[in-house]
Amino acid sequence: MRRLATLVAVAFQTLSSCLAAGAACIPDQSRSFICGEGRDAIWVFPDTIAPSRKLAFGWRTSAGLPSGQAEPPGDVENVLIKLPEGDVLGRLGGAYWATGEMRANRYDLVAAWSPDSRAVVEVANSRWQTDSFRFYAISDSSVVALDLHDLTEGAVRARSPQTSDKSRVFRIREDLPVKLGADGHLSFAAMLFIPKSAKPALGFRVEMTIRTVKSAAAARIVTVERAKLPD
């Protein structure tokens, strides 16, 4: 086991400026909610709802939501919202969408909530790579966002063999557990691989701690271990 003991402070972003009053969320026929109407409407991802049932991830577009089985009519934006008010607390890094009948092809989104619903980790993957890997600490007045992507990728590449192909793509495994504790302990699996290659992927198990104090946050990689992950 290799311990990375250096505290790594990462720039944070307070998202309170993104706070926007929404319209009440109403259930739809796909076990989800739709918040607001017209161009401001937001579709809630039911599998991202927090344990408290008061927060969730959703998606919207500049042209409003599609009707029926149509694809989104405009650029997709993922957001963190408050339930059942529909207030937008901040923008997320991904661009995933799903309507209950259709979903974004080769995109995935994970919301790993702390048990107390005071924090969440977003994993947004596109076809090959991780597009967004972020931590959000949520209070009554603001949201503090911490980008974990570059910190994690750097630690994983530093742990890979020196002979490893530098063209390997970094990805958080969205199909394996991403667990965030109330104490800020985060565990997950990552890999480095070459798309469409017969070369086996390099797998890693990562442990991290994240601390938030007022409007600042910092993350520390605790361990990075090589591991054989499921295909």
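Scroll up to find the structure this text is about.
Rules used throughout
Residues numbered from 1 in each chain as written. Predicted model: local features only at pLDDT ≥ 70, side-chain atom pairs only at ≥ 80, totals over all residues. Heavy atoms only, no water. Phe/Tyr/Trp six-rings, centres within 6.5 Å; stacked < 30°, edge-to-face > 60°. Helix = DSSP H or I, 4+ residues; strand = E, 2+ residues; numbered from the N terminus. Buried < 20%, exposed > 50% of the residue type's maximum accessible area, 1.4 Å probe, protein only. Disulfide = S-S within 2.5 Å. Pairing = 2+ DSSP bridges. Axes fitted to C-alpha atoms, helices over the stretch in contact; angles between N-to-C directions.

Asks: I would appreciate a short explanation of the packing of aromatic side chains in the present structure.
Replies: Any pair of aromatic rings gets described here by the distance separating the centres and the angle formed by the planes. On inspection of all chains with the given rule, the structure shows 5 aromatic pairs. Here the aromatic rings of Trp43 and Trp59 are separated by 6.1 Å at their centres, their planes lie at 5 degrees, and the arrangement is stacked. Linking Trp43 in strand S5 (residues 42-44) with Trp59 in strand S6 (residues 55-61), this pair joins segments that are 16 residues apart in sequence. Overall, Trp43 belongs to the buried group, its relative accessible area being 10%. Their ring planes at 45 degrees and their centres at 6.2 Å tell us that Phe57 and Trp113 sit as a pair that is tilted. Linking Phe57 in strand S6 with Trp113 in strand S9 (residues 108-113), this pair joins segments that are 56 residues apart in sequence.

Asks: Even after reading the chapter, I still don't get the environment of Gly90, so can you show me in this structure?
Replies: By the secondary structure assignment, Gly90 is in strand S8 (residues 88-91). Residue classification places Gly90 among the buried positions, given a relative accessible area of 1%.

Asks: Would you take a moment to explain the state of the cysteines for this structure?
Replies: Two cysteines, two sulfur atoms, one covalent bond between them: this is a disulfide. Counted under the stated rule, the structure contains 1 disulfide. Covalent S-S linkage joins Cys25 and Cys35, the inter-sulfur distance amounting to 2.0 Å. Residues Cys25 and Cys35 are joined through a disulfide that is right-handed, its torsion about the S-S bond being 105 degrees. Separated by 10 residues along the polypeptide, Cys25 in strand S3 (residues 25-27) and Cys35 in strand S4 (residues 33-35) bring together distant segments of the chain. For Cys35, a relative accessible area of 1% translates into the label buried.

Asks: Which parts of the structure should I look at to understand the pairing of strand S7 (residues 76-82)?
Replies: Each regular strand shows side chains that alternate between the opposite faces of the sheet. The sheet contact formed by S6 and S7 spans 7 bridges and is antiparallel. Counterpart to Leu55 in the pairing with S7 is Lys82. Where S7 and S8 come together, 3 bridges link them in antiparallel fashion. Looking at the pairing, Val79 lines up with Arg91 of S8.

Asks: Before we go on, may I ask you to explain the sheet that holds S7 in this structure?
Replies: Whether parallel or antiparallel, the strands of a sheet pair through hydrogen bonds between backbone atoms. Pairing in this open sheet of 6 strands is antiparallel, and the strands run S3-S4-S5-S6-S7-S8 from one edge to the other. Edge strands, defined here as strands with exactly one partner in the open sheet, are S3 and S8. Taken over all neighbouring pairs, the strand axes of this sheet differ in orientation by 35 degrees on average, direction set aside.

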